[in-house]
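# Observations on chain architecture
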Amino acid sequence: MDLSLPNPSWSKDMRLLFDQFMKKSEDGSWKHLPSYKNKFSRRIEDIKVFFPDAKLIKEKISQAQLFPRNFEEGLGFEYAMFHNHAEDRTVCIFQGGPYLQGAPGFLHGGAIATMIDSTLGMTALIAGGIVMTANLNINFKRPIPLCSVVVINSQVDKVEGRKLFLSCNIRSVDEQTLYSEATSLFVKLDPEKSLT
Ligand SMILES: CCCCC/C=C\C/C=C\C/C=C\C/C=C\CCCC(=O)SCCNC(=O)CCNC(=O)[C@H](O)C(C)(C)COP(=O)(O)OP(=O)(O)OC[C@H]1O[C@@H](n2cnc3c(N)ncnc32)[C@H](O)[C@@H]1OP(=O)(O)O
């Protein structure tokens, strides 16, 4: 089941933004990216080649879930991503639920990093294929209120061989508040090199 579709836990802002991007997707300039609990957006055969000895893939795949997708509805990461091919950028609308608390009433920095990693990761995945995060630097400028809706804007800045350099920022829905900024390096996996 695609978990990046509206559900009753979404606030008015979340639904509004989703509808705006779905409208923008009508002419094909934007594309809604589905997101599943335990289904990759790539064929498992294309992924297994990089993780041949990963126990998970062989023995425990049935228990494996995408981390941000394993909270009950509305309590953890509620999000939807949209990709703009021409501009090589991805937007993630994100509503962080009450189970993601760090400081009282605000999102935990690790929860923010998760959505940054996932949004940059998806952008890198689309641009470069099977990638992994090599480096992630985050500046937390303002604390993100729990249960608020934010917009993550992520883009590819430079590609050098297997290295993809990306950046993103997190803003409020009205774009007035800059919550976080991040830069990252993702590396496209080399099937000839063992990961472990
Ligand atoms: C995993 C995705 C599978 C695909 C799934 C498909 C769909 C899933 C659907 C939805 C999920 C949403 C998004 C999925 C996308 C991403 C998931 C999130 C990403 C992660 O959450 S993933 C977990 C955290 N991540 C790791 O667990 C990686 C641990 N790490 C390693 O596994 C190796 O480290 C690796 C593979 C990164 C590189 O290893 P390697 O051997 O292939 O490459 P090598 O070391 O030769 O480096 C090549 C060039 O990068 C430079 N370089 C390397 N590291 C650098 C650094 N830190 N700073 C500066 N430069 C660096 C070198 O200096 C050299 O540069 P030069 O060529 O110029 O010398």
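Residue numbers restart at each chain and count upward from 1, following the sequence in its written direction. Residues qualify for local features only when their pLDDT is at least 70, as the model is predicted, and side-chain atom pairs are given and counted only at 80 or more; totals for whole chains, interfaces and linings, by contrast, use all residues. Hydrogens and water molecules were not included; the side-chain quantities draw on all heavy atoms of the structure.

## Some remarks on the UniProt feature "domain: Thioesterase" (unreviewed entry) in the protein chain
UniProt positions are given in the numbering used here, feature names are shortened, and annotations may be inferred rather than shown by experiment. The positions that UniProt labels "domain: Thioesterase" (unreviewed entry) are, in the present scheme, residues 105–177. Within residues 105–177, the helical portion is 27% and the strand portion 44%, while the C-alpha atoms at the span's ends are 17 Å from each other. Secondary structure is summarised from DSSP: a helix means a run of H or I of at least four residues, a strand means a run of E of at least two, and numbering begins at the N terminus for each.

## Side note on the site of the ligand
Around the ligand sit 22 residues in total, of which Asp117, Thr133, Arg162, Lys163 and Lys193 are the nearest. In this structure, Thr133 approaches the ligand through a main-chain N or O atom, which is 2.9 Å from a nitrogen atom. Within 3.5 Å is the distance limit for a polar contact, defined as a pair of N or O atoms, with the added protein rule that one can donate a hydrogen and the other accept it, and that residues adjacent in sequence qualify only through two side-chain atoms. In the environment of the ligand, an oxygen atom lies 2.8 Å from a nitrogen or oxygen atom belonging to the side chain of Lys193. The protein chains shown are the only cover counted for residues, whose accessible areas, like all others here, come from Shrake-Rupley with a 1.4 Å probe. Contact with the protein chains removes 60% of the 1400 Å² of surface that the ligand exposes when unbound. In terms of residue count, strand 4 (residues 131–140) provides more of the shell around the ligand than any other element does, five residues in total. In terms of residue class, the shell around the ligand is built from 13 nonpolar, four polar and five charged. The cutoff for a nearby residue is simple: one of its non-hydrogen atoms must lie within 4 Å of the molecule or strand. Residues were grouped as follows: Ala, Val, Leu, Ile, Met, Phe, Trp, Tyr, Cys and Pro as nonpolar; Asp, Glu, Lys and Arg as charged; and all remaining residues, including Gly, as polar.

## A look at the pattern of salt bridges
For side chains bearing opposite charge, pairing can occur when the charged atoms are close. Salt bridge, as used here: a side-chain nitrogen of Lys or Arg that lies within 4 Å of a carboxyl oxygen of Asp or Glu. Here the structure, examined in full by the defined rule, presents five salt bridges. Residues Arg89 and Glu87 are paired through a salt bridge, measuring 2.5 Å at the closest nitrogen-oxygen approach. Classification of Arg89 as partly exposed rests on a relative accessible area of 22%. Partly exposed describes any residue whose relative accessible area lies between the buried limit of under 20% and the exposed limit of over 50%, with all areas from a 1.4 Å probe on protein chains only and scaled to the type maximum. For Glu87, a relative accessible area of 44% gives the class partly exposed.

## Overview of helix 4 (residues 109–128)
Given the number of residues in a helix, its expected span is that number minus one, multiplied by 1.5 Å. Here helix 4 spans 27 Å end to end across 20 residues, near enough to the 28 Å set by a 1.5 Å rise per residue. Directly after helix 4, the chain includes Gly129, whose backbone phi takes a positive value near 85°.

## Quick notes on the sheet that holds strand 3 (residues 89–96)
Pairing is antiparallel across the open sheet formed by seven strands, whose spatial order is 1-2-3-5-6-7-4. Across the chains shown, the open sheet's two edge strands, defined by having one partner strand only, are strand 1 (30–33) and strand 4. For this sheet the average axis-to-axis angle between neighbouring strands, irrespective of direction, equals 20°. Criterion used throughout: strands pair if DSSP finds at least two bridges between them. Examined bridge by bridge, strand 4 and strand 7 (residues 178–188) share nine bridges and lie antiparallel to one another. Residue pairing across strands places Asn139 opposite Glu181, the latter belonging to strand 7. Working convention: axes come from line fits to C-alpha atoms, limited for helices to the stretch in contact. Angles between N-to-C directions cover 0 to 180 degrees.

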